[in-house]
Every structure is written in C-alpha cells, then in structure tokens.
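Here is how the chains run, residue by residue.
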Amino acid sequence: MIKNFVEELTWRGMIHTVMPGAEEHLMESMRSAYVGFDPTADSLHIGNLVPIMLLAHYQRCGHRPVALVGGATGMIGDPSGKSNERNLLDEKTLRHNQNAIKNQLSHFLDFESDAENAAVLVNNYDWMKDFSFLEFIRDVGKHITVNYMMAKDSVKNRISSESSEGMSFTEFTYQLVQGYDFLHLYKEKDCTIQMGGSDQWGNITTGTELIRRIDSGKGFAITCPLITKSDGSKFGKSEGGNVWLDANRTSPYKFYQYWLNSSDEDAEKYIKIFTFLTEEEINALVETHKEASHLRVLQKRLAEEITMMVHSKDDLENAIKASDILFGKSTSDDLKGLNEQTFLDVFDGVPQTEISQSDIDNGIDIIAALAEKGGFLKSNGEARRALKENSISVNKEKVKDDYCVTAKDLINNKFVLLQRGKKNYFVLRVI
C-alpha cells in the first residue's frame, strides 16, 4: 500500500522544495528514488542521517529506495557548499568504503527482502569507468549549455570575485556527471526521483534536464532543508570533529551524549527528523517535556531511539550505564563493566597520573595514592582531612584511611578512579 510520502515528510519538517507534480507521481504507484552518498570515508556521519532518513521513510511509504555510492563522483569532488577540492581515492579504497557504507545503511533500509520495494545499492563508478571523455562530451555534454551550468549557485559562488580558490574544470563538470547518473538510473532502474539536501537542487535539476532533453522523459526533484542548530553552531560536529556512525570513530557513548546534549528547541526538531515515532507519540512527548523540561524527556527519547538504530540495544544500554556513572548512582561493578574506550570517553578531560605496575602489585595506601603518588590532593594532611570527612571514593565506593589500592581495584587492568565529593574525579593509569 502506498502512503503519502510528501505528507509524511512535511509534518516532520523534512521538505525544502518539491518539484511540481512529484507528489501526484508518487501517489500513482510504487516509484524508485535515489540519494547519493560520498564514499570518501569508510563511514557515514550524522550529517548523512537526513538523506538516510529520507530513503528510510520512502521505503516505509511503499516505494523503492536506491542508495548511490558516488565512486566516480568521489574521484572528482562536488563543489556544492565546498570551498576547495577533495582528495581523490583509488578504486580499492572506494570499494572498501562502499561495503562499509552499505552495512551502515542496512540499519535503516531493507536490502534483503523479496518485496518489490527492497532497497538497492549502486555505485556510479560501475557505469562511468568505461565511458570515455570523448563519448561523454559528445553524448552528454552537448545537451547542456555553459550558460545553464554557470547559472547554478554552486558554480556562481565558487567563481565569484569573493572566492580566492576559483574552480577547476573537473569540478565544473561535476553537475554533468551527477546529472548523467540520474539519466542512467532513469533508463536502467526506472528511477524517476532524486532526493538530497537543498544545496543539491542545482545538480538534481541538471539531471531532470538531461532526462527531458535526451530521453524526452520526466524526472522529479525533492530536497530537504540543511539542518542547523538553534545556537548557530554546525550540526553534526562535536569538539572532536564529525560525529560518525562507525563505533570505532565515535563511540556509542559519545554518540548518545551528542543527542542527549541537544537544546530543547533542537530536540523538538530532531525527534521528528531522526526517529520513526508517530506524530501522536511526538506531540505527547513534547507536552510531557514542557511540563518538566528539567527531566529532559525529549532528549532522552531522541538519544535512545537513534543510538539503538545506528548501533544496537546493547550499545544503548552501555551508553546509558556509562552516563549514569557520571551523573547518577553507580557501583564499582558498573565501572568495571565499561570497555576501555567508553571509560576514556566518560572521563575525558579528567586529570590523570601514571603509576607503575609494581606499585599496584605491592599495594598503595590510600593517602599515598591521593597525594604523594597520585597528586590528586596537594598533601598527606589534605588527604587525611578528606578521608576523615568521608568524601573519598575509589571506583565509586567510599573508603577509610586504612584502605589499600591493589590490582583488584583495576578497571580494564589499567585504571583506578579516585573521587572527592560528587564532582572531583582523578584517574590513576597503570603503566
């Protein structure tokens, strides 16, 4: 059964521009639509999540999503929104990246089912690699005028007097290559729609123009808004750079924290875009949140839904457990259940000092661990006073002045967490 895709996207705030006739075209029967992904890394990042969600909603509305990995276009570089050219990759790296990207997309799209609308993955390198330059300019280039290409914002911005970089011929031809992708998929996969961010409108419409001029056909464009944060900072970036979908690049804990730290305004916007919750469920959550915003109900649900989708239920539970270590009640066992990366993420920025394995094997009395050996507190006297006040914990467990830190206290055979009061942490690292 076909559901109204444009209607679904509209209430979610995911529509920027829809080419006239596209909505009616989609309601007539199952249609194929594609979105392109840049394969210059072996992981997508959360900046890619909006186009991924476009395809996921598309499939849920009864249509067939086509994910295009831009192996050929990745060798050129898209000028849209960029100020300089990208690095070019070899075929082996591109193939590795393609497989990694398909694996990530499969968390959102069903590639395996026997259904008519099962998702498809294609790589434009496969049809571009044997296309000679002379054939391309003869069969494709002659159909689009330079005047038409120059009128695109992505081109105008790069060759304007304000731009010091200029634009290479290679990048200038990018819109023709992307336009040809649309024509190729239109012919080979009956793909009548291309979707993407609003900055892709110029490239997408070059494709619809090629379909019209070369094949006398009709292609459609649908774009979504580029996501912005309410404070003006860039969406998808953290202090450490991109927030990746790959757990080895951005740990599930850091991924979870990114969403958890959203402002109220952003969380209300994000939960519509990045989850499959219904309009009724989201409206109810928004109302609950407004009644007690300090409980951060919206942020928690958003972080849970998206972490579970991108990673797994286990990863989500570990991320919540790790968050509770800093902000809630947790035990020594909870700490010891963290893997090394999550431990380092949780206590990122906490002061550390190194102690030797022999020290830990022999045992370090708590006063020495706090002061002379560790340097957490300034003096033995300060350490004794803190212990007397019952404000010192080892791995979240309160200790007395006769405590000895030994190998049994090690987290991941490497760390001991010291704490004074609720918020002052210190890490002993065994070397």
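Here the structure is a predicted model, which is why all the values come from computation and not from measurement.

Participant: Talk me through the environment of Tyr174; I want residue IDs and the actual numbers.
Facilitator: Relative to the elements of secondary structure, Tyr174 occurs in helix H10 (residues 174-189). Residues Tyr174 and Arg420, spaced 246 residues apart in sequence, show a C-alpha to C-alpha distance of 58 Å.

Participant: Talk me through the packing of helix H13 (residues 264-273) against helix H14 (residues 279-291); I want residue IDs and the actual numbers.
Facilitator: Running from N to C, H13 and H14 cross one another at 165 degrees; their axes reach a closest spacing of 10 Å. For the element pair H13 / H14, the angle class is roughly antiparallel. Considering the relative orientation of H13 and H14, their crossing is right-handed. Facing H13, whose interface residues are Asp264, Glu268, Ile271 and Lys272, H14 presents Ile282, Leu285, Val286, His289 and Lys290. The residue inventory of the contact of H13 with H14, partitioned by class, reads four nonpolar, one polar and four charged.

Participant: Residue-level account of the pattern of salt bridges, with values.
Facilitator: One pass over the structure, following the stated rule, counts 16 salt bridges. Taking the shortest distance from any N to any O, the salt bridge between Lys313 and Glu317 comes out at 3.5 Å. Note that Lys313 and Glu317 are positioned in helix H16 (residues 313-327) at a spacing of four residues, about one turn of the helix. Here Lys313 falls in the exposed class, since its relative accessible area comes to 53%. The exposure class assigned to Glu317 is partly exposed, which follows from its relative accessible area of 40%. The salt bridge involving Asp409 is made with Lys408; its shortest N-O contact spans 3.5 Å. Among the residues examined, Lys408 registers a relative accessible area of 52% and is labelled exposed. Look at the salt bridges and you will find they share partners, linking Glu209, Arg212 and Arg213 into a network.

Participant: A description of the sheet that holds strand E9 (residues 352-355) should follow, citing residues and the corresponding values.
Facilitator: Spatially, five strands are ordered E9-E15-E14-E11-E12 in an open sheet, and the strand pairing comes out mixed. Each edge of the open sheet is held by one strand with a lone partner, namely E9 and strand E12 (397-398). Sheet topology note: the strand E14 (residues 415-420)/strand E15 (residues 424-430) ladder contains six bridges and is antiparallel. Bridge pairing in E15 links Gln419 to Tyr425.

Participant: Give me the side chain of Thr342: which residues, what numbers.
Facilitator: Along the polypeptide, Thr342 turns up in helix H18 (residues 340-346). With relative accessibility at 12%, the residue Thr342 sits in the buried group. Once residues within four sequence positions are removed from consideration, Thr342 is found in contact with Tyr253 and Ala322.

Participant: Give a detailed account of the packing of helix H12 (residues 252-260) against helix H15 (residues 297-310), specifying residues and quantitative values.
Facilitator: Two numbers describe how H12 lies on H15: the axes approach to 8 Å, and their chain directions differ by 145 degrees. Relative to H15, the crossing made by H12 is right-handed. Contact residues: H12 offers Pro252, Phe255, Tyr256, Trp259 and Leu260, while H15 offers Gln299, Lys300, Leu302, Ala303, Glu304, Ile306, Thr307 and Val310. Partitioned by chemical class, the residues of the contact of H12 with H15 number nine nonpolar, two polar and two charged.

Participant: Any chance you could break down the nonpolar core for me, citing the residues and the numbers?
Facilitator: By size, the foremost hydrophobic cluster in this structure holds 88 residues, and its most contacted members are Ile46, Leu49, Leu105, Phe108, Met195, Trp259 and Phe274. For this core, the element with the highest residue contribution is helix H3 (residues 49-60), accounting for eight residues. For this core, the domains that each give at least three residues are domain 1 (5-224) and domain 2 (237-345). Look past the residues within four positions of Leu105 in its chain and what remains in contact with it is Phe37, Leu44, Ile52, Ala67, Phe111 and Leu121. Counting 23 residues, the second largest nonpolar core, distinct from the first, contains Ile364, Phe376, Ala383 and Val394.

Participant: So what about the domain arrangement of the protein? Which residues, and what values?
Facilitator: Interface size is commonly expressed as the accessible surface area that is lost when the partners come together. Domain boundaries assigned for the protein yield domain 1 (5-224), domain 2 (237-345) and domain 3 (349-430). Placing the centre of domain 1 and that of domain 3 at their C-alpha centroids yields a distance of 56 Å.

Participant: Outline the sheet that holds strand E6 (residues 220-224), listing residues and values.
Facilitator: If you trace the six strands from one edge of the open sheet to the other, you get E1-E6-E5-E2-E3-E4, paired in mixed fashion. The open sheet terminates on both sides in strands that have one partner only, identified here as strand E1 (17-18) and strand E4 (120-123). As judged from the six bridges shared by strand E2 (residues 32-37) and strand E3 (residues 64-69), these two strands associate in the parallel manner. Its bridge partner being in E3, Val35 is matched across the sheet by Ala67. The sheet contacts of H3 involve E2, E3, strand E5 (191-197) and E6, and relative to E2 the element is tilted by about 160 degrees. Helix H4 (residues 91-105) rests against E2, E3 and E4 of the sheet, and its axis sits at about 160 degrees to E4.

Participant: Before we move on, can you summarise H3 with the specific residues and values?
Facilitator: Spacing of three or four residues puts side chains on the same side of an α-helix, whose turn is 3.6 residues. In a regular helix each residue adds 1.5 Å, so twelve residues correspond to 16 Å; H3 covers 16 Å between its end C-alpha atoms and thus fits that length. Most of H3 sits out of view: eleven of its twelve residues are buried. Where H3 is concerned, the buried positions are Leu49, Val50, Pro51, Ile52, Met53, Leu54, Leu55, Ala56, His57, Tyr58 and Gln59. Among the residues trailing H3, Gly62 stands out with phi positive, at a value near 95 degrees.

Participant: Explain unusual backbone geometry to me, using residue names and the numbers behind them.
Facilitator: Its identity as a non-glycine residue notwithstanding, Asp190 has a phi of 50 degrees, on the positive side. Tracing the sequence through the fold places Asp190 in the loop between H10 and E5. Even without being glycine, Lys396 reaches a positive phi, approximately 70 degrees. Its place among the elements puts Lys396 in the loop between strand E11 (392-394) and E12.

Procedures and definitions
- The numbering scheme is per chain: residues are counted from 1 as the chain's sequence reads.
- Whole-chain, interface and lining totals are the exception, using all residues; otherwise, since this is a predicted model, local features are given only for residues with pLDDT of at least 70 and side-chain atom pairs are given and counted only at 80 or more.
- Side-chain metrics rest on all non-hydrogen atoms present in the structure, leaving aside hydrogens and water.
- A run of H or I in DSSP becomes a helix once it reaches four residues, and a run of E becomes a strand once it reaches two; helices and strands are each numbered from the N terminus.
- What counts as an axis is a line fitted to C-alpha atoms, over the stretch in contact for a helix, and the angles between N-to-C directions run from 0 to 180 degrees.
- Under this scheme an angle from 65 to 115 degrees is roughly perpendicular, one under 35 degrees roughly parallel, and one over 145 degrees roughly antiparallel; angles in between are oblique.
- The sense of a crossing depends on the near helix, which, turned anticlockwise from the far helix by less than a right angle, makes the crossing left-handed and, turned clockwise, makes it right-handed.
- We call two residues contacting when some pair of their heavy atoms lies within 4.5 Å.
- In this classification, Asp, Glu, Lys and Arg are treated as charged, Ala, Val, Leu, Ile, Met, Phe, Trp, Tyr, Cys and Pro as nonpolar, and every other residue, Gly included, as polar.
- Whenever Lys or Arg places a side-chain nitrogen within 4 Å of a carboxyl oxygen from Asp or Glu, that contact is recorded as a salt bridge.
- Relative accessibility thresholds used throughout: buried, under 20% of the residue-type maximum; exposed, over 50%; partly exposed, between the two (1.4 Å probe, protein chains only).
- By the convention used here, strands pair only if DSSP detects at least 2 bridges between them.
- Throughout this description, the term nonpolar core refers to a set of buried Ala, Val, Leu, Ile, Met, Phe, Trp, Tyr and Cys residues connected via side-chain atoms within 4.5 Å.
- Segment limits for the domains were obtained from an automatic or database-derived domain assignment.
- Here the expected span of a helix is defined as 1.5 Å times the quantity of residues minus one.

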